[in-house]
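# Structural overview
Here's the letter readout for the chains.
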Amino acid sequence: MIMKTKEIRAYGKVNLGLDITGIRPDGYHLVKMIMQTVDVYDEITVTADGMTEKKDAYSISITCSDPEVPTDERNLAYKAAKLIMDRYELSGKVEISIVKHIPAAAGMAGGSADGAAVITAMDELYELHMDQAEKDSIALKLGADVPFCLRRGTYLSEGIGEILTCVAPIPHCYMVIIKPDFGISALWAYRAYDEYLKEHKDTPDIHPDIDGLISALEKGSIKDMAACMGNVLEPAALAEYPQIARVRNIMTGMGAEAALMSGSGPVVFGIFTDENRADDAFNSFSEDDYGKFKIKF
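The following paragraphs examine the structure supplied in this document. One numbering rule holds for all chains: residues counted from 1, following each sequence as written. For a predicted model such as this one, the threshold for reporting local features is a pLDDT of at least 70, and the threshold for listing and counting side-chain atom pairs is 80 or more; totals across whole chains, interfaces and linings nevertheless cover every residue. Heavy atoms throughout the structure, all of them, feed into the side-chain values; hydrogens and water do not.

### Here we look at the packing of helix H2 (residues 110–125) against helix H3 (residues 132–142)
Closest axis-to-axis distance for the H2/H3 pair is 10 Å, and the angle between their directions is 145 degrees. For the pair H2 and H3, the crossing hand works out as right-handed. Residue-level contacts link Gly115, Ile119 and Asp123 of H2 to Lys135, Ile138, Ala139 and Leu142 of H3. Here the term charged refers only to Asp, Glu, Lys and Arg, the term nonpolar to Ala, Val, Leu, Ile, Met, Phe, Trp, Tyr, Cys and Pro, and the term polar to all other amino acids, Gly among them. Its residues assigned to classes, the contact of H2 with H3 comprises four nonpolar, one polar and two charged. Each axis is a line fitted through C-alpha atoms, and for a helix only the stretch in contact is used; angles between axes span 0 to 180 degrees, taken between their N-to-C directions. Strands are runs of DSSP state E lasting at least two residues, helices are runs of H or I lasting at least four, and both sets are numbered from the N terminus onward. Here a crossing is taken to be left-handed if its near helix is turned anticlockwise relative to the far helix by less than a right angle, and right-handed if that turn runs clockwise. In this description, contact between two residues means that some pair of their heavy atoms is separated by no more than 4.5 Å.

### Considerations on the sheet that holds strand E7 (residues 174–179)
Any two strands with at least two DSSP bridges between them are considered paired. Strand order in the open sheet formed by four strands is E9-E10-E7-E11, with antiparallel pairing between adjacent strands. The open sheet is flanked by strand E9 (258–261) and strand E11 (291–296), the only strands paired with a single partner. When the angles between neighbouring strand axes are averaged without regard to direction, this sheet yields 15 degrees. Pairing geometry for E7 and strand E10 (residues 268–272), over five bridges, is antiparallel. Bridged to tyrosine 174 within E10 is phenylalanine 272. Set on the sheet, helix H9 (residues 242–253) makes contact with E7, E9 and E10; between it and E10 the angle comes to about 10 degrees.

### Things to note about the environment of serine 61
One can find serine 61 in strand E3 (residues 58–64). The buried label goes to any residue with under 20% of its type's maximum accessible area, the exposed label to any with over 50%, and the partly exposed label to all in between, with areas taken from a 1.4 Å probe on protein chains only. Residue class for serine 61 comes out partly exposed when judged on its relative accessible area of 34%. For the pair serine 61 and asparagine 15, spaced 46 residues apart in sequence, the C-alpha separation works out to 31 Å. When near neighbours in sequence (up to four residues on either side) are disregarded, serine 61 contacts Val94, Glu95 and Ile96.

### Overview of the side chain of aspartate 42
With respect to the secondary-structure elements, aspartate 42 resides in strand E2 (residues 29–51). According to the relative accessible area criterion, aspartate 42 is buried, its value standing at 0%. Whenever two N or O atoms come within 3.5 Å, that pair is a polar contact, provided that in protein one can donate a hydrogen and the other can accept it, and provided that, for residues adjacent in sequence, both atoms are side-chain atoms. A polar atom in the side chain of aspartate 42 sits 2.6 Å from the side chain of lysine 100. Other than its neighbours up to four places away in sequence, aspartate 42 contacts Ile8, Arg9, Ala10, Ile98, Val99, Lys100, His101, Ile102, Gly110 and Asp114.

### Considering the pattern of salt bridges
A carboxyl oxygen of Asp or Glu within 4 Å of a side-chain nitrogen of Lys or Arg is what we treat as a salt bridge. Per the counting criterion, the structure on display carries 16 salt bridges. A salt bridge links aspartate 72 to arginine 74, with the shortest nitrogen-to-oxygen separation between them at 3.0 Å. A residue is classified by how much of its surface remains accessible, and aspartate 72, at 24% relative accessible area, is partly exposed. One salt bridge connects lysine 100 with aspartate 114, and the closest N-O pair in it is separated by 3.4 Å. Placement of lysine 100 in the loop between strand E4 (92–99) and H2 and of aspartate 114 in helix H2 is noted, with a sequence separation of 14 residues between them. Comparing lysine 100 with aspartate 114 shows no difference in burial state: the two are buried. What emerges from the salt-bridge pattern is a single network uniting Asp42, Lys100 and Asp114.

### A look at the side chain of serine 112
Residue position: serine 112 is located in helix H2. Dropping the residues within four chain positions of it, serine 112 is found in contact with Leu76, Asp145, Val146 and Cys149.

### A closer look at the packing of aromatic side chains
Pairing of aromatic rings covers Phe, Tyr and Trp, the last through its six-membered ring, and needs centres within 6.5 Å; plane angles under 30 degrees mean stacked, over 60 mean edge-to-face, and all others mean tilted. One pass over the structure, following the stated rule, counts five aromatic pairs. With 5.2 Å between their ring centres and 55 degrees between their planes, tyrosine 11 and tyrosine 41 make a pair best called tilted. Placement of the pair is tyrosine 11 in strand E1 (residues 2–23) and tyrosine 41 in strand E2, with a sequence separation of 30 residues. Overall, tyrosine 11 belongs to the buried group, its relative accessible area being 17%. Aromatic side chains phenylalanine 148 and tyrosine 155 sit 5.9 Å apart centroid to centroid with 75 degrees between the ring planes, which places their arrangement in the edge-to-face category. One aromatic cluster is present, built from ring pairs that chain together Phe182, Trp188 and Tyr241. Only Lys NZ and Arg CZ are tested; either one counts as a charge over a ring when it is within 6 Å of the ring centre and within 35 degrees of the ring normal. Against the face of phenylalanine 282 rests lysine 292, its NZ or CZ located 4.4 Å from the ring centre.

### A short note on the state of the cysteines
We call a pair of cysteine sulfur atoms a disulfide whenever their separation is within 2.5 Å. Within this structure, the stated rule accounts for zero disulfides. Cysteine 64 carries a free sulfur, and the closest cysteine sulfur to it, the one in cysteine 149, is 16 Å from it. Residue cysteine 64 is classed as buried on the basis of its relative accessible area, which comes to 19%. No disulfide involves cysteine 166; its sulfur sits 15 Å from the nearest other cysteine sulfur, which is in cysteine 149.

So, in structure tokens, the structure goes:
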């Protein structure tokens, strides 16, 4: 019998740009977006006890510091462990501890990051020696953001999120991330987008310039980057949740080069070139009403 433990950080993300280019016959939206890892992370500890070489019964249990996060088979960390145990016919008692810092239902891929972290931890604990393609195949079964969460950096994400291309990193700047006191599910956000298009024309102004954003990153220009940023899911979310617009307006009013809802929201992030302005924006939001982070790139 063997017991091993692996501690790992699960990093969140923001979307510097998010566009929808179509819908597959199965209903999945085709995306073209720029994903950026941010220095906000959950702390994941995975312990595998009673590991043997012979296929035997296994169990998976999860504890989480956030009581609102499910700790059963709905949790992507649980699903990741189960997929790996079944695929590789593993045995043992797997215990997963999650200390949450990434806000849930916020557009920062917190659950996806946790699932990706468990894939990495299980690979090491059971010495599976999975290559990237194997990890990605498991990750995609969990969700469209999970393959990106296996990586860190700045990536163009296409398809339903599984086609990833590394692009130039975000230039030096300061990012202030603000989480209003409510959550939005990705399912709601994409359905709201579909409904929005039924009532409004699909005009170019709601779509970000993803190619221009990539060029701006290559040039290292925050100004050009800010001009190309956008989130096609934002208009529908703003109609239902005006608090998102208020946060965004505060950011731009305090000197942000750009402020944008991340992913399906409701997190809003602002990009600043001046640290004092970033500090002022950060401090203007009460910790009693908002989750908030300041990050330096």
